Amino acid sequence: MKILVLNSGSSSIKFQLFQMDDNRSIASGLVEQIGENDSLAKIEYNGTVIEKREPIADHKIGLKIMNQLLIESTAISSLNELGGVGHRIVQGGGSFSEPVIVDEAVAKEIENLIPLAPLHNRAHLNGIEVMMEEIPNVKQVVVFDTAFHATIPKYAHMYAIPYKYYETDGVRKYGFHGTSHKYVVEEASKYLGIENLNAITLHLGNGASMAAVKDGKCIDTSMGLTPLAGLMMGTRSGDIDPALLFYLGRKYDLNIEDLDELLNKKSGLKGVCGSNDMREVESMADKGDENAQLALDMFAYRIKKYIGSYNAIIGKTDCIIFTGGIGENDIDTRARSCSELEHIGMELDLVKNNQRSKEILEISSKNSKIKILVIPTNEELEIAMQTYSLLGT
Ligand code: AMP
């Protein structure tokens, strides 16, 4: 069976086609700069790349071009050859803790959740609507970034603000990157031969989040109602004293939109040293830029604090897992985040940490009670597998 995985974002669509007999990605591509004059649509199949540059006004046209490319590249002979389509959905609110097959009620509920993730859920819904129109006979499945976090207990997902905002507006911690956290936990479980794993997962990319996993289930995560909370990120502040918004807002007469942009787009690594790209920040620090060094120290310090607090709530942690662009590749961030944690039973092997691999790496020392693993994430494959298992053979 072939499953198409779609990530329909606000100005781009990413897609990957999987052959589920052996969980193999056979084609992938994207449609970028939707709504602009020189939009790009691209597919790679069997070593051949087809690219189209033309104005693509909206998602509907973008998805039609994607469908044409799938056929033109011979990745599929007809759209009806697809066994299903798996859609990545950022916000599933409190309603979805599992992947589901899309029907009218599900689409309506995703629409109801738009206020919680305005840019993302609107764009996802566009993707679902167009595909349902184009291939009504092929089942569409939605897989939620929030679903893995549905097991977080209420005392951990509530904010200490008036209760009515939870009841009437769904204000609570939801968490994100769930598909990635789930994927790496399952990979680690297989690798270590432990069925109900106790793990701390670190998805460190431009967006970054951590999850505490006990007996294979998520019990806490660093992102919140939105992806702004928790770790320091490329351009997001992560945790702050919320009162700094009142202070800066009053002092500089900043409105809600300004403050939103300040914390989501102008903060994090970028805010402290001017770049949100970890490779660049490291090269700036190597050349003696003090703010770049400060940003690196802040980034790792925040991770370390979360490791400590998650270790406390898990009890006996089996492993910690690094993933995402930074987690998979950045030897120095891993070393800084794991330094001087021997007192909790975590010891990095600096030589093993210097390896690079596309496979699972074990980088803890022989004596480390908590294993330290690097596992390349694969959210698309996880969505394909969840779609496949829901639709059956
Ligand atoms: P992602 O959002 O998962 O694609 O991750 C993007 C982040 O990973 C950026 O900050 C990159 O600078 C960082 N990154 C990718 N490769 C490396 C590397 N080899 N060393 C350090 N950071 C890296």
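The structure this text deals with has already been given above.
Because the structure is predicted, anything quoted here is derived from the model rather than measured.

Chemist: For this particular structure, what's the right way to read a negative patch on the surface?
Modeler: On the surface, Asp253, Glu257, Asp258, Asp260 and Glu261 cluster together into a patch of negative charge. With respect to the helices and strands, Glu261 occurs in helix H8 (residues 256-265). Relative accessible area serves as the criterion here: at 38%, Glu261 is assigned to the partly exposed category.

Chemist: What should I look at first to understand the pairing of strand E6 (residues 82-89) in this one?
Modeler: Within a regular beta strand, the side chains point alternately toward one face of the sheet and then the other, so they alternate between its two faces. The buried fraction of E6 is high, at 7 of 8 residues. Looking at chain direction, strand E1 (residues 2-8) and E6 are connected through 5 bridges and run parallel. In the strand pairing of E6, Lys2 is matched with Leu82. Pairing of E6 with strand E8 (residues 140-144), which is carried by 5 bridges, proceeds in the parallel orientation. Each bridged residue has a counterpart across the sheet, and for His87 the counterpart in E8 is Val142.

Chemist: Please clarify how the environment of Lys266 should be interpreted in this entry.
Modeler: Examined against the element boundaries, Lys266 turns out to sit in the loop between H8 and helix H9 (268-273). Taking the C-alpha atoms as reference, Lys266 lies 12 Å from Gly238; in sequence the two are 28 residues apart. The residues touching Lys266, leaving out its near neighbours within four places in the chain, are Thr235, Glu261 and Gly271.

Chemist: Whenever I open this one, the site of the ligand confuses me. Can you help?
Modeler: For the ligand, the full set of nearby residues is Gly205, Asn206, Asn276, Asp277, Met278, Arg279, Gly324, Gly325, Ile326, Asn329, Asp330 and Arg356. Between an oxygen atom of the ligand and a main-chain N or O atom of Ile326, the distance comes to 3.4 Å. Computed on the free molecule, the ligand has an accessible area of 500 Å², of which 71% lies beneath the protein chains in the complex. Elements that contribute at least two residues to the shell around the ligand include exactly helix H10 (278-286) and helix H12 (324-329). Counting residues per element, the shell around the ligand draws most heavily on H12, at 4 residues. In terms of residue class, the shell around the ligand is made up of 2 nonpolar, 6 polar and 4 charged.

Chemist: Any chance you could explain the sheet that holds strand E2 (residues 13-19) here in plain terms?
Modeler: In a beta sheet, neighbouring strands are held together by backbone hydrogen bonds and run either parallel or antiparallel to one another. Strand order across the open sheet formed by 8 strands is E5-E4-E3-E2-E1-E6-E8-E7, with mixed pairing between neighbours. Pairing within the sheet leaves two strands with one partner each, and these edge strands are strand E5 (48-53) and strand E7 (100-101). Inspection of the sheet shows strand E4 (residues 40-45) paired to E5 by 6 bridges, in the antiparallel sense. The partner of Leu40 across the bridge, within E5, is Arg53. Taken strand by strand, helix H1 (residues 59-72) contacts E1, E2, strand E3 (24-32), E4 and E5, and its axis lies near 30° from that of E2.

Chemist: I'm lost on the side chain of His157 in this one. Help?
Modeler: With respect to the secondary-structure elements, His157 resides in helix H4 (residues 154-157). Here the side chain of His157 touches Arg172 through a polar contact of 3.4 Å, side chain to side chain. Once residues lying within four places of it in the same chain are set aside, the contact partners of His157 are Ile152, Tyr166, Arg172 and Lys173.

Chemist: For this particular structure, what's the right way to read the sheet that holds strand E13 (residues 361-362)?
Modeler: Pairing is mixed in the open sheet, where 6 strands are placed in the order E11-E10-E9-E12-E14-E13. Unpaired on one side and paired on the other, strand E11 (217-221) and E13 mark the two borders of the sheet. Running at roughly 130° to strand E12 (residues 319-323), helix H6 (residues 178-192) makes contact with strand E9 (199-204), strand E10 (208-214), E12, E13 and strand E14 (371-374) of the sheet. Each of E9, E10, E11 and E12 touches helix H11 (residues 290-314); the most contacted strand, E10, lies at about 15° to it.

Chemist: Can you help me understand the nonpolar core in this one?
Modeler: Considering soluble globular proteins, one finds that nonpolar side chains tend to be buried as a cluster. Core analysis: the largest hydrophobic core is formed by 40 residues, its most contacted members being Met210 and Ile320. If one sorts the elements of this core by residue count, H11 sits on top with 9 residues. Ignoring any residue separated from it by four or fewer positions in sequence, one finds Met210 in contact with His181, Ile200, Thr201, Leu202, Asp220, Thr221, Ser222, Leu231, Ile303, Tyr306, Ile307 and Tyr310. With 28 residues, the next largest nonpolar core counts Ala41, Leu79, Val85 and Val130 among its residues.

Parameters at a glance
Residues numbered from 1 in each chain as written. Predicted model: local features only at pLDDT ≥ 70, side-chain atom pairs only at ≥ 80, totals over all residues. Heavy atoms only, no water. Patch = residues over 30% accessible without salt bridge, like charges linked within 9 Å, V, L, I, M, F, W, Y side chains within 5 Å. Areas by Shrake-Rupley, 256 points an atom, 1.4 Å probe, with all protein chains shown as cover. Salt bridge = Lys/Arg side-chain N within 4 Å of Asp/Glu carboxyl O. Lys, Arg positive; Asp, Glu negative; His and termini not counted. Charge placed at Lys NZ, Arg CZ, Asp CG, Glu CD. Helix = DSSP H or I, 4+ residues; strand = E, 2+ residues; numbered from the N terminus. Buried < 20%, exposed > 50% of the residue type's maximum accessible area, 1.4 Å probe, protein only. Pairing = 2+ DSSP bridges. Contact = heavy atoms within 4.5 Å. Near = heavy atom within 4 Å. Polar contact = N/O pair within 3.5 Å; in protein donor to acceptor, adjacent residues only side chain to side chain. Nonpolar A, V, L, I, M, F, W, Y, C, P; charged D, E, K, R; others polar. Axes fitted to C-alpha atoms, helices over the stretch in contact; angles between N-to-C directions. Core = buried A, V, L, I, M, F, W, Y, C linked by side-chain atoms within 4.5 Å.

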